[in-house]
Amino acid sequence: MRIQSAKENIKSYANAATFGVVGGYALKHLLPLSSYEKNDVFTPEVLDNIKHIVNGAKKSEFDAIELGVKEGSEEIAENVLDLFKANKNNILSDKFDEVANNLKDVTDKTKEGVQVLIKRVQRSGEMAEEVSRKSYEALAKNSRPTFYFVALLSAITLSVAVLKKSLKNNIEVKPDKKDFDIYY
């Protein structure tokens, strides 16, 4: 007969608790923000700040394109660059209808060149917005109380470990041949 020792029980409970602590901490960061947390974090001031960051990124990309042309590291046709510069305010303020009106009478190749530059500026703004939103989400997730997540998952994993141990047959009976000798 083999009876599981108390030392083995403590080890399995410690493993369950450790898993609960690590899992609870990970759960704190992996769960998406609730609608309450989103409303609490993404206030109008924060949204204005994100918009300011996006506009700054777009303006920086616009300036980088102009500087690249001046330094010779970017080869852009003169007419494409002139149209791009002429529509600077419309591009930065996302007034694409006005940009489209200004590009009506130009060749397809010129229009395509300006659109490539506009997409480049827009992509830099989208990336800045994504990074800003993720930063604010991470800030909100970091402000969540760790104790509740750790305590909850630890309690769950310990409960499962205790249930598993109590339901498992801890005594293994292996009959020997001598136990049956009286029947032979």
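Further up the page is the structure itself.
We now turn to the structure provided with this report.

## Things to note about a nonpolar patch on the surface
Then step 1. Taken together, the side chains of Leu 152, Ile 156 and Val 160 present a nonpolar region at the surface, about 280 Å² in accessible area.
Then step 2. Within the secondary structure layout, Leu 152 lies in helix H8 (residues 146–167).
Then step 3. Judged by its relative accessible area of 52%, Leu 152 falls in the exposed class.

## Thoughts on the side chain of Glu 37
Then step 1. Along the chain, the position of Glu 37 falls in helix H2 (residues 35–41).
Then step 2. A distance of 2.9 Å separates polar atoms of two side chains, one belonging to Glu 37 and the other to Arg 144.
Then step 3. Once residues within four sequence positions are removed from consideration, Glu 37 is found in contact with Pro 32 and Arg 144.

## A look at the packing of aromatic side chains
Then step 1. If you walk through the whole model with that rule in mind, you get three aromatic pairs.
Then step 2. Where Phe 42 meets Tyr 136, the ring centres are 6.5 Å apart and the plane angle is 65 degrees; that geometry is what we call edge-to-face. Of the two residues, Phe 42 sits in the loop between H2 and helix H3 (44–71) while Tyr 136 sits in helix H7 (residues 108–142), which places them 94 residues apart along the sequence. As far as burial versus exposure is concerned, Phe 42 and Tyr 136 are alike and both buried.
Then step 3. Aromatic side chains Phe 62 and Phe 84 sit 4.2 Å apart centroid to centroid with 15 degrees between the ring planes, which places their arrangement in the stacked category.

What counts as what
Residues numbered from 1 in each chain as written. Predicted model: local features only at pLDDT ≥ 70, side-chain atom pairs only at ≥ 80, totals over all residues. Heavy atoms only, no water. Patch = residues over 30% accessible without salt bridge, like charges linked within 9 Å, V, L, I, M, F, W, Y side chains within 5 Å. Areas by Shrake-Rupley, 256 points an atom, 1.4 Å probe, with all protein chains shown as cover. Salt bridge = Lys/Arg side-chain N within 4 Å of Asp/Glu carboxyl O. Helix = DSSP H or I, 4+ residues; strand = E, 2+ residues; numbered from the N terminus. Buried < 20%, exposed > 50% of the residue type's maximum accessible area, 1.4 Å probe, protein only. Polar contact = N/O pair within 3.5 Å; in protein donor to acceptor, adjacent residues only side chain to side chain. Contact = heavy atoms within 4.5 Å. Phe/Tyr/Trp six-rings, centres within 6.5 Å; stacked < 30°, edge-to-face > 60°.

Keep in mind these numbers describe shape, not what the thing actually does.
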